[in-house]
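What the coordinates show
Below, each chain spelled out in residue letters.
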Amino acid sequence: TGEAAKALLALGLVKGDRVGIWSPNRYEWTILQFATARIGLILVNLNPAYSANELGYVLEQAEIKVVFAPVHYKTSMYREMLINVQATCPLLEQVIYFDLDWDQFLQKAGTISSIVLMSAEQMVQMDDPVNIQYTSGTTGFPKGVTLTHHNILNNGYFIGIRLNYSHLDRVCIPVPFYHCFGMVIGNMACVAHGACMVVPNDGFDPALTLSAVEKEKCTSLYGVPTMFIAELELPNLDRYDLSSLRTGVMAGSPCPIEIMKKVQSKMNMKEVSICYGMTETSPVSTQTIIGTPIAKQVSTVGTVQDHLEIKIIDKETGMIVPRGVAGELCTRGYSVMLKYWNNPEATKDVIDDKGWLHSGDLATMDLDGYINITGRIKDIIIRGGEN
């Protein structure tokens, strides 16, 4: 990451500049995540499924100076799309293609001394923005959730604490890096505990995922429920040696009880954990603790994460509702985003003057403090494991 950080400085980028990454999972993604963070740049995650219109909107809204991307991915011709939108995005100075320019890019590091790198690193503060992720947005244009070093490093650390991570763990990450699931629950949780990151493929493939678990002796596996269902439905599931697995994270949507039981029995993930949250809370607000009774494990999203506050309120009055009564879930604490990028009105709509982030999700809390998500104040659609 030091070489990549120096090469970024050689491009003339300075603290606070936005760097876009438009790519599926690959090793360069992770290198850039840490290289940009080291020198105070803000990494902007571009959804690999963006159309040219969505891409153009985000490039302009975040005023992105440099984009990293593959030439193409699946049927998306990234290079053609980027050439087309460059005409309308005058602030975009350069596009670096992994397949063509990566080695040349890294060679630029030679022009920057370690002293210059160190002085750039010393300028970085914990509350500085480090990442912008665009929400799909149930209404209107997507909004740029702006997260700080403090937001995502802490969240990754505390997620790993609940999963009992150590340097002995090997975590299989088939979920996308452009989303908080891959980038924070994945990369940040691993790095914060010295665990190994295993990336099975550029996109999700159930057979390649279980092959990676077997080959790399992974102790933890991530996914949304549909990913686990696809793995369980593999006709040769019994042939994979999954004995190394002990834990993992299921998130993104509620998990049917029979799937949870199969994941625990057939995939050996006795200590699987459910996470709930949103990009605006870095992302995890609640998580099941290992050893939670199975009934609570499948019917709830666990208890409030460490060092955070949760309240459930009546949307009309703003008053906290009694236990067992549905209301809007709100989160307060270190995980609440800095803002929506260049959008003070939208920010004010979700973060109130007491610092509570209003999720728009309906939830109940039982007498033991377990949270159950019961619905959405506005309707929501899940597509490709993304809300």
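Reference entry: report on the structure contained in this document.

1. Quick look at the state of the cysteines
- Applying the stated criterion to the full structure yields zero disulfides.
- Here C275 stays free of any disulfide, with the sulfur of C180 as its closest cysteine sulfur at 12 Å.
- Among the cysteines around C330, which has no disulfide bond, C180 carries the closest sulfur, lying 19 Å off.

2. Some thoughts on the pattern of salt bridges
- Per the stated rule, a full pass over the model turns up 15 salt bridges.
- A salt bridge links D368 to K296; the shortest N-O distance between them is 3.0 Å. Separated by 72 residues along the polypeptide, D368 in the loop between β17 (357–365) and β18 (371–376) and K296 in helix α12 (residues 294–299) bring together distant segments of the chain.
- D361 serves as the salt-bridge partner of R376, at 2.9 Å between the closest nitrogen and oxygen. Linking R376 in strand β18 with D361 in strand β17, this pair joins segments that are 15 residues apart in sequence.

3. A closer look at the environment of A363
- Looking at where A363 falls in the secondary structure, it is placed in strand β17.
- Look at A363 and you get buried, because its relative accessible area is 0%.
- Each C-alpha atom, one on A363 and one on G375, is 7.1 Å from the other, the two residues being twelve residues apart in sequence.
- Those residues in contact with A363 that sit more than four places away from it in its chain are I312, V325, A326, G327, L329, I371, N372, I373 and T374.

4. Digging into the sheet that holds strand β15 (residues 327–333)
- In space, the four strands of this open sheet follow the order β14-β15-β17-β18, with antiparallel pairing throughout. Across the chains shown, the open sheet's two edge strands, defined by having one partner strand only, are β14 (308–313) and β18. Adjacent strand axes in the sheet meet at a mean angle of 45° when their direction is disregarded.
- Looking at chain direction, β14 and β15 are connected through six bridges and run antiparallel. Paired with I312 across the two strands is L329, which belongs to β15.

5. Thoughts on the nonpolar core
- Core analysis: the largest hydrophobic core is formed by 63 residues, its most contacted members being L8, F68, F105 and Y222.
- When residues of this core are assigned to their parent elements, the largest contribution, eight residues, is made by helix α8 (residues 180–193).
- In this structure L8 touches L13, L32, A35, T36, I39, L41, F68 and F105, once residues within four positions along its chain are discounted.
- Membership of the second largest hydrophobic core comes to 33 residues, among which are L210, V213, Y276 and L329.

Parameters at a glance
- Along each chain, numbering runs from 1 in the same order as the chain's sequence is written.
- Totals for whole chains, interfaces and linings use all residues, but because this is a predicted model, local features are given only for residues with pLDDT of at least 70 and pairs of side-chain atoms are given and counted only at 80 or more.
- The basis for the side-chain values is all heavy atoms of the structure; hydrogens and waters are excluded.
- For the purposes of this analysis, a disulfide is any pair of cysteine sulfur atoms at a distance within 2.5 Å.
- Salt bridges are defined as contacts in which a side-chain nitrogen from Lys or Arg sits within 4 Å of a carboxyl oxygen from Asp or Glu.
- We count a stretch as a helix when DSSP gives it H or I for four or more residues in a row; a strand needs E for two or more, and each element gets its number in order from the N terminus.
- For every residue, the accessible area (1.4 Å probe, protein chains only) is compared with the maximum for its type, and the residue is labelled buried under 20%, exposed over 50%, or partly exposed between those bounds.
- Two residues qualify as a contact provided that any one of their heavy atoms is within 4.5 Å of a heavy atom in the partner residue.
- By this definition, two strands are paired if DSSP reports at least two bridges between them.
- Axis lines are fitted to C-alpha atoms, over the contacting stretch for helices. Their N-to-C directions set the angle, which ranges from 0 to 180 degrees.
- Put simply, buried Ala, Val, Leu, Ile, Met, Phe, Trp, Tyr and Cys residues joined by side-chain atoms within 4.5 Å make one nonpolar core.

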